[in-house]
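# Summary of structural features
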Amino acid sequence: MTQHPLVNTVQPLLTTLGATLVAADEMTKSDVPLVWEGKVVAAVRLPAMHGAMQRLIESVERELGAKLALLSRAEKQRAIRLLDERGAFILRRAVEDVADAMGVSRITVYNYLNALHR
């Protein structure tokens, strides 16, 4: 598929989201159309919820430049804020998964979250 300028522009976002690009003629009802001057040039297929937490953790690690477990206390608190802003903690087992990735206890993650919401 020839890359339309719109596709080139949104490609970094697609990569970060774990989304895939599909041709306009392969689009399904659940895909998000990319429209340029009234014409669908491609579509975005969003990833399944399965693996969402891992993708969120990986995006924060990329943004902060290190694995969560290697971050300083202040950076871990920033990571919790980023994950919270991105809705990570609405997912089942989120606190446990983040605590495991950070190498801290669940209580520590809850303390960081409580400090954010005071």
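In case you missed it, the structure is sitting above this.
Now for a description of the structure that goes with this document. (Residues numbered from 1 in each chain as written. Predicted model: local features only at pLDDT ≥ 70, side-chain atom pairs only at ≥ 80, totals over all residues. Heavy atoms only, no water.)

### Quick word on the pattern of salt bridges
Tallied over the full model, the rule gives 7 salt bridges. Close ionic contact of arginine 86 with glutamate 63 constitutes a salt bridge, the shortest N to O distance being 2.3 Å. Of this pair, arginine 86 sits in the loop between α3 (73–85) and α4 (94–102) while glutamate 63 sits in helix α2 (residues 52–64), and the two are 23 residues apart along the sequence. On the basis of relative accessibility, which here comes to 35%, the residue arginine 86 falls in the partly exposed class. Residue glutamate 63 is classed as partly exposed on the basis of its relative accessible area of 41%. (Salt bridge = Lys/Arg side-chain N within 4 Å of Asp/Glu carboxyl O. Helix = DSSP H or I, 4+ residues; strand = E, 2+ residues; numbered from the N terminus. Buried < 20%, exposed > 50% of the residue type's maximum accessible area, 1.4 Å probe, protein only.)

### Considerations on the pairing of strand β2 (residues 32–36)
As defined by bridge partners, β2 adjoins strand β3 (residues 39–45) across 5 bridges and the pair is classed as antiparallel. Bridge assignment links leucine 34 to a residue of β3, and that residue is alanine 42. In sequence, β2 turns back onto β3 through a hairpin of 2 residues, with glutamate 37 there showing a positive phi of about 50 degrees. (Pairing = 2+ DSSP bridges.)

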